[in-house]
Amino acid sequence: FDGDTAREIGRIDLDKVVSKPHMVVFDPDRRFAYVANMGSANASAIDAAERKLLATVATAQDAHAAIATPDGSRAFVANVASERLVEIVIAAAKRQFAAGRTLMLAGHPKLADATKFGNRRPICHAYTADGAHAYVTLGGGGLLIFDTGTLEIVKTFDRTEFGANGCGLALAADGRKM
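Notes on the sheet that holds strand β7 (residues 84-91)
Right, on to step 1. With antiparallel pairing, the 4 strands of this open sheet are ordered in space as β5-β6-β7-β8. The sheet is open, and its two borders are formed by β5 (63-68) and β8 (96-104), each paired with just one other strand. Averaged over neighbouring strand pairs, the angle between their axes works out to 25 degrees when direction is ignored.
Right, on to step 2. One ladder, built from 5 bridges, connects β5 with strand β6 (residues 74-79); its direction is antiparallel. Bridging from a neighbouring strand, Ala66 pairs with Val77 of β6.

See the structure below:
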């Protein structure tokens with residue numbers, strides 16, 4: 001859609017490749033758009049200028065949000081039903097996208113207490129300004145912060161501190177608060 005007129009200016013047909021595309025999110029340079037595909041357990045990378053599908057990368061069941069890091073070198077995909085975050089490694093110059101590491105939330109010792117965490121389903125996430133950490137909301141309530149380099153969960157907030165199914169985290173303009 002044209003941002004000024006709201007007129008449709010083009011379409012990208014994903015029907016033959018994916019099922020239930022959800023949440024289109026652009027990288028910081030607006031070069032690529034990422035689409036999590038809830039019905040086909042993958043995420044797609046699209047060249048934003050050419051409006052062309054470049055790759056579809058297998059992630060896990062119920063891929064909900066595919067969001068690039070601030071430097072655009074990786075994206076993490078929140079996979080709701082499988083309770084995991086899957087990394088996509090991005091080689092932007094080569095326009096290549098590949099599955100990387102996985103952070104399993106199901107069975108993670110820092111999220112094991114069912115009275116504190118109703119479930120460990122990642123919903124949405126946002127990064128610190130430097131991309132070193134990601135804040136992830138959980139479907140059953142709660143929030144976790146993980147180190148994007150090591151995939152270590154460094155802090156958790158249980159469902160009494162952060163409500164269920166939260167989405168729409170945003171970094172403050174000064175980069176000091178989420």
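A word on the packing of aromatic side chains
Right, on to step 1. The full count for this structure, using the stated rule, is 3 aromatic pairs.
Right, on to step 2. Pairing Phe32 with Phe97 gives two aromatic rings, centres 5.3 Å apart and planes at 90 degrees, and the pair type is edge-to-face. In this pair, Phe32 is assigned in strand β2 (residues 32-37) and Phe97 in strand β8, connecting sequence segments 65 residues apart.
Right, on to step 3. Judged by its relative accessible area of 1%, Phe32 is buried.
Right, on to step 4. Relative to Phe97, the ring of Tyr34 has its centre 6.1 Å away and its plane inclined at 70 degrees; by these criteria the two rings are edge-to-face. On the criterion of sequence distance, the pair formed by Tyr34 in strand β2 and Phe97 in strand β8 is long-range, its members being 63 residues apart. Across the pair, Phe97 and Tyr34 agree in class, each one buried.
Right, on to step 5. Three or more aromatic residues link up through ring pairs in this structure, and these residues are Phe32, Tyr34 and Phe97.

Thoughts on the nonpolar core
Right, on to step 1. Counting residues in hydrophobic clusters, the biggest one holds 18 residues, and the most contacted among them are Leu85, Leu103, Leu105, Leu111, Leu144, Phe146 and Ile153.
Right, on to step 2. Elements supplying a minimum of two residues to this core: β5, β6, β10 (133-138) and β11 (143-147).
Right, on to step 3. The element best represented in this core is β10, accounting for 3 residues.
Right, on to step 4. Among residues more than four places away in sequence, those in contact with Phe146 are Phe76, Leu85, Leu103, Ala132, His133, Ala134, Val136, Leu151, Glu152, Ile153 and Val154.

Description of the pairing of β8
Right, on to step 1. Alignment of β7 against β8, held across 7 bridges, turns out to be antiparallel. Following the sheet pairing, Leu85 is matched in β8 by Leu103.
Right, on to step 2. Linking two consecutive strands that pair antiparallel, namely β7 and β8, is a turn of 4 residues; a positive phi of about 55 degrees is found at Arg95 within it.

Some points on the pattern of salt bridges
Right, on to step 1. What the rule picks out here adds up to 5 salt bridges.
Right, on to step 2. Measuring nitrogen to oxygen at the nearest pair gives 2.7 Å for the salt bridge that ties Asp47 to Arg95. With a gap of 48 residues between them, Asp47 in strand β3 (residues 42-47) and Arg95 in the loop between β7 and β8 connect regions that are remote in the sequence.
Right, on to step 3. Residue class for Arg95 comes out partly exposed when judged on its relative accessible area of 26%.
Right, on to step 4. The shortest N-O distance in the salt bridge between Glu87 and Arg101 comes to 2.9 Å. One end of the pair, Glu87, is in strand β7; the other, Arg101, is in strand β8, and 14 residues separate them in sequence.
Right, on to step 5. Glu87 gets classed as buried once you look at its relative accessible area, which sits at 4%.
Right, on to step 6. One salt-bridge network, in which partners are shared between bridges, spans Asp47, Glu50 and Arg95.

What counts, and where the lines are drawn
- Residues numbered from 1 in each chain as written.
- Predicted model: local features only at pLDDT ≥ 70, side-chain atom pairs only at ≥ 80, totals over all residues.
- Heavy atoms only, no water.
- Pairing = 2+ DSSP bridges.
- Helix = DSSP H or I, 4+ residues; strand = E, 2+ residues; numbered from the N terminus.
- Axes fitted to C-alpha atoms, helices over the stretch in contact; angles between N-to-C directions.
- Phe/Tyr/Trp six-rings, centres within 6.5 Å; stacked < 30°, edge-to-face > 60°.
- Buried < 20%, exposed > 50% of the residue type's maximum accessible area, 1.4 Å probe, protein only.
- Core = buried A, V, L, I, M, F, W, Y, C linked by side-chain atoms within 4.5 Å.
- Contact = heavy atoms within 4.5 Å.
- Salt bridge = Lys/Arg side-chain N within 4 Å of Asp/Glu carboxyl O.

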